[in-house]
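Listed below are the residues making up each chain.
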Amino acid sequence: MENKITDPFIIRGILAGIAVALISGLVGCFVVWRRLSYYGESIAHSSLLGAGLGILLGVGINFGVVFICLLSGILFLWLQQSKALSSDTLLGVLSHVALALGIIVISFNKIKIDLHAILFLS
């Protein structure tokens, strides 16, 4: 019987986990230092709008999510240039606007959509 710890699949998984942990630590420090700790949640809320638009327009969920998340990031960078509001405030506003618009867009779909399946299982 083969030893499960020396299996190449497990070794690659462990090495990948270590690499992700090292990179995430560095990126996490940068994100907190720049006061962008709310950025991930803001992009996650934008994905609901992207999923709704992708289904409504018939272009596919993945394309809609990627497009809207990129658009949200670009909009955030553009709004951040004005320095009128702090980064966390902008992220909070964009997050809740995208979430509200996503729920509105999904309510216009004639197809019944299971939001949990779209957001958590796909």
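Right, let's walk through the structure included here. A quick note: this is a predicted structure, and the numbers were derived from the prediction, not measured.

**Here's the deal with the overall build of the protein chain**
Along the backbone of the protein chain there are five helices and zero strands. Secondary structure of the protein chain in N-to-C order comes out as α-α-α-α-α. For 122 residues, the compact-globule estimate of 2.2 N^0.38 gives 14 Å, and the protein chain exceeds it by more than 25% at 19 Å. Dimensions of the protein chain along its principal axes, counting C-alpha atoms only, are 55 × 40 × 20 Å. Burial analysis of the protein chain (122 residues in total) assigns 25% to the buried set. Considering only residue pairs separated by 6 or more positions, the protein chain has 64% of its internal contacts joining residues 24 or more positions apart. Each charge class in the protein chain was averaged separately, 7 positive and 5 negative side chains, and the resulting centres sit 11 Å apart.

**Quick look at the packing of aromatic side chains**
Here the structure, examined in full by the defined rule, presents two aromatic pairs. With a centroid separation of 5.8 Å and 55 degrees between ring planes, the pair formed by Y39 and F76 is classed as tilted. Taken together, the residues span a long stretch of sequence, with Y39 in helix α2 (residues 39-57) and F76 in helix α3 (residues 61-80) at a distance of 37 residues. Under the relative-accessibility criterion, Y39 is labelled partly exposed at 31%. Centroid distance F63 to F67: 6.2 Å. Interplanar angle 15 degrees. Geometry classified as stacked. Taken as a pair, F63 and F67 lie in helix α3 at a separation of four residues, close to a single helical turn.

**Quick word on the side chain of H45**
With respect to the helices, strands and loops of the structure, H45 is situated in helix α2. Ignoring any residue separated from it by four or fewer positions in sequence, one finds H45 in contact with S95, A98 and L99.

**Looking at the packing of α3 against helix α4 (residues 87-108)**
Closest axis-to-axis distance for the α3/α4 pair is 10 Å, and the angle between their directions is 140 degrees. Comparing their axes, α4 and α3 come out oblique. Handedness of the crossing formed by α3 with α4: right-handed. Residue-level contacts link S72, L75, F76, L79 and Q80 of α3 to S87, L90, L91 and L94 of α4. Residue composition of the contact of α3 with α4, grouped by class: six nonpolar, three polar and no charged.

**Section: the environment of E41**
Counting through the fold element by element, E41 comes out in helix α2. For the pair E41 and F30, spaced 11 residues apart in the sequence, the C-alpha separation amounts to 16 Å.

**Here's the deal with the nonpolar core**
Of all hydrophobic cores here, the largest spans five residues; its members are L36, F76, L90, L91 and L94. Of the residues forming this core, the biggest block, three residues, is contributed by α4. Residues contacting L90, with those up to four places away along its chain left out, are F76, L79, Q80 and L85.

**Regarding the environment of N109**
In this fold, N109 is placed in the loop between α4 and α5 (115-121). Given a relative accessible area of 10%, N109 falls into the buried group. Excluding its chain neighbours within four sequence positions, the residues that come into contact with N109 are G52, I55 and L56.

Parameters at a glance
- Residues numbered from 1 in each chain as written.
- Predicted model: local features only at pLDDT ≥ 70, side-chain atom pairs only at ≥ 80, totals over all residues.
- Heavy atoms only, no water.
- Helix = DSSP H or I, 4+ residues; strand = E, 2+ residues; numbered from the N terminus.
- Rg over C-alpha atoms; globule rule 2.2 N^0.38 Å.
- Buried < 20%, exposed > 50% of the residue type's maximum accessible area, 1.4 Å probe, protein only.
- Contact = heavy atoms within 4.5 Å.
- Lys, Arg positive; Asp, Glu negative; His and termini not counted.
- Charge placed at Lys NZ, Arg CZ, Asp CG, Glu CD.
- Phe/Tyr/Trp six-rings, centres within 6.5 Å; stacked < 30°, edge-to-face > 60°.
- Axes fitted to C-alpha atoms, helices over the stretch in contact; angles between N-to-C directions.
- Parallel < 35°, antiparallel > 145°, perpendicular 65-115°, else oblique.
- Left-handed = near helix turned anticlockwise from the far one by under 90°.
- Nonpolar A, V, L, I, M, F, W, Y, C, P; charged D, E, K, R; others polar.
- Core = buried A, V, L, I, M, F, W, Y, C linked by side-chain atoms within 4.5 Å.

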